Amino acid sequence: MSTAATGTPAGPSAPSKASPPDSSGGGGQAAFSRLATVGFWADWAALVGLIVLVAVFTALDPSFLSSGNVTGMLSASAALVILAVAQTFVVATAGIDLSIASVTTLGIVVLGQLYAGGQPLAVCFVGAVLAGLLAGLVNGFLVAKAKITDFVVTLGMLSAASGLALVLSDGQPVTVTEGFFFDISLDGPVEMVSWIVVAAIVVAVIAHVVLFHTRFGTHVLATGGSPEAATATGISTARVKVAVYAIAGLLAGLAAIIIVARLGSTPPAANTTYLLNSVAAVVLGGVSLFGGKASILGPVFGALLLTVLLNGLTTLGVSQYYQPLSVGVVVVAAAFLMRFQK
Amino acid sequence: MSALEKKTVTPSGSARAAGPILEARDVSLSFGSVRALQDVSVTVGAGEITALVGDNGAGKSTLVRCFSGVHKPQSGEVLLDGAPVSFGTPEAARGAGIETVHQNLALVEDLTVWQNLFLNRELTRFGMLDRRRMRAEAQKMVSTLAVNVPEVTSRVRRLSGGQRQAVSICRAAGFSSRLVIMDEPTAALGVQETARVEELILRLRDEGHAVLLISHNFDQVMRLSQQVWVMRAGRCVAGRRTDATTGQEIVGLITGAIAA
C-alpha cells in the first residue's frame, strides 16, 4: 500500500479524477467509479492488455496456456524484461537509449569471442557485462558532459556498437555449448520458471527498490521531472544521467548473457526488434517519455504483453510478416491511452 | 565547509540583533560585455525582512544568485556574519544556511510534497529511504503552515499555486536555515493566496530567519519589509529604512526620477 501510494505513479492507488479524496468513504463505490475512468485503464494498460490477450489466445487455442508454451514464453520474455527495465531508467530522466539492442549485441559478441578464446564462462559473462557498461558510460558522458542530444548520442552508439560487434566477430557466430549454461534457460526452481526468468525477476525487483527506495532513485525521477528543481536542490543531474546510461548498458550486457543462454550461439547481427520492443514495453507500462514518472511493474507487464502477442500470433499460424505490424498498432494504441493519464 | 560554519556561529550573538547577517561589498559581475552588477553594496539585517526592488533587468536576481551560490562575483566580496564567504555551488550556500525560494517554483511536479520537502536531503535507514520518517517530519513541517495545508502524500501537480509556494517556503524555512531568499514569491498568486504567503513570510521573520525579498509589489514591500534596497541598471542606487520612506519615493528611485 505505502509503496503503491508514493512510489509507483502507475499504481492502482493513485487517485484519479473521478475519485477525489472526499469520496473515499464509500470504498466500493469509489473503486467502481475509478474503474469507469479512462485514466485507470491508461495506468494499467499493460496488465489489462496482457490479460485480454491471454484470454483471447487461450479461447482460440487452448494449448496456448500449456505448460510447455508458458515456459517458452516466460523464457522468451526474460531478455526483453531486462531491456525494458534498462530503458525505464533512461526514460525516467527524459532521455532515450536507442543503442540498447546494439549494445546487447556487442555484449553477445564479446561473450562469444572470449568463449572462443578458451576463457571460462565466468570470464565471458563478466566480459559481456563490462562491454555493456562501458558503452553505457560512453553514452552517459556524451549526453551529460558533452551535452549532445541523447537521441544523437545513442543513435551514434547504435551504429558504432553494431559495427564493433561485426568487427570483433568477423561476422561469424560462435556456438556456446556448455551443459549448465544451456540448462539455465530450460531448468528452474519451479515448474515453468527457468533460471533466466528468475534472473529477470531479480533484476526487476532490484530496479524497483533502487528507483523507489533509494536517494538515487528519487534523484532520477527529479532529474526527469524537473531538471531545474533538481539542480536548485544541489542534485547533479549530469551525474544522474551518466548513471542511468551506465545502468542501461550494464543491463544490456546482462541481457546478452540471457540471449546466448537461450540460443546457444552468439549471432553478431544486431536484433533491432529488442530496441523497438524495449521502448514499446516502457510506453505500454505507462512510463512518461517526458521523464519524471516511472514504474518498473508497468514496463515488465509491457514486455510480457509483447512476448505473448508475438507468441500467440505464431501459435495461431499468423504470418511472421504481420508481427511488427501488430506491435506497432498495440504501441500506438497504448500511447493514445496514455493521453488520458492524469 | 566546517571551518566556515564555525565562523558563522560566534558573531551573531544577541548583542547585535539587528546587525547584518549578510553583506555584499562592491560586488561586480559581467556576462560578456553586459555589466549585470556594478559595485553593489547591500546588507541584510538579522531577524529582518529586507526588500530588494528595481525594474526588470536591474540586477536583482543576479545579485541574489551571488548569495545563493549560483553566480560568483568577479570582484568585491560577500560576507556572512562579517566573514568573507565564497560559495562555489548552491549546495555550499545551503550548507551555510542560505536557502532560496525560486521564482519559478523549484518543485518536481510528479513527486509528492514530502519527496519535494526532502529532495536531496532524504533521510535514509540502512541505505534505504526512510519514507515513514520523512512523511511524518514533512507532516510536522507543513502543519505549521496552518493555512490550506496540503496532504504531504499528494503530488505537487495537484496543488494550487499558493500551496506550491507554501511548500517551497516550508522547504526553505526548514533545515535550520538562517537566511531565506525569496525571488518574487507572490508573483504568480491570487489575492488570497498572496495574503497567506505574506503571513508565512512574517512568520519566518518572527521565528528568527532573516528574509531577503525581491518584489515588484510596492504595497507588499511597504507592508512587510524593514529595509529597502533599490537597484537600477546593475547598481544599488539607494537604501532606505522602510518606516522612513514612502512608496512614492521608492518608485521615484527605481525609475530615476529621484536622484539617490
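Data block above holds the structure.
Please read all numbers here as calculations on a predicted model, not as lab measurements.

S.K.: Whenever I open this one, the sheet that holds strand β12 (residues 235–241) of chain B confuses me. Can you help?
M.R.: Pairing between the strands of a sheet is mediated by backbone hydrogen bonds and can be parallel or antiparallel. Residues and elements named next belong to chain B. Reading across the sheet, the six strands line up as β6-β9-β10-β3-β11-β12 and stay open at both edges, with mixed pairing between neighbours. The strands lining the two open edges of the sheet, one partner per strand, are β6 (98–101) and β12. Each adjacent strand pair in this sheet contributes to an overall mean axis angle of 20°, direction not counted. Where strand β3 (residues 49–54) and strand β10 (residues 210–214) come together, four bridges link them in parallel fashion. The partner of Ile 49 across the bridge, within β10, is Val 211. With respect to the sheet, helix α6 (residues 161–173) is in contact with β6 and β9 (179–183), its orientation differing from that of β6 by roughly 175°. Against the sheet, helix α9 (residues 247–255) engages β3, β11 (227–232) and β12, with an angle of about 25° to β11.

S.K.: Got a minute to help me understand the sheet that holds strand β1 (residues 20–31) of chain B in this structure?
M.R.: Residues and elements named next belong to chain B. Ordered in space as β2-β1-β4-β5, the four strands form an open sheet in which the pairing is antiparallel. The two strands at the open ends of the sheet, each matched to only one other strand, are β2 (34–45) and β5 (83–85). Sheet twist, expressed as the mean angle between neighbouring strand axes with direction ignored, is 30°. Relative to β2, β1 runs antiparallel, the two sharing eight bridges. Each residue of the ladder has a partner; that of Glu 23, found in β2, is Thr 43. The strands touched by helix α2 (residues 60–67) are β1, β2 and β4 (75–80); relative to β1, the strand with the most contacts, the crossing angle is about 120°.

S.K.: I keep staring at unusual backbone geometry and nothing clicks. Help me out?
M.R.: The phi angle at Lys 147 of chain A is positive, at roughly 55°, despite the residue not being glycine. Mapped onto the fold, Lys 147 of chain A is located in the loop between α7 (121–144) and α8 (150–169). In this structure Lys 147 of chain A comes out as exposed when scored by C-beta crowding, with 9 C-beta atoms within 10 Å. Within the chain, Phe 126 of chain B stands out as a residue other than glycine whose phi angle is a positive 55°. Along the polypeptide, Phe 126 of chain B turns up in the loop between β7 (124–125) and β8 (128–129).

The rules behind these values
Residues numbered from 1 in each chain as written. Chains lettered and ligands numbered in written order. Predicted model: local features only at pLDDT ≥ 70, side-chain atom pairs only at ≥ 80, totals over all residues. Pairing = 2+ DSSP bridges. Helix = DSSP H or I, 4+ residues; strand = E, 2+ residues; numbered from the N terminus. Axes fitted to C-alpha atoms, helices over the stretch in contact; angles between N-to-C directions. Contact = placed C-beta atoms within 7 Å. Buried ≥ 20, exposed ≤ 12 C-beta atoms within 10 Å, placed from the backbone.

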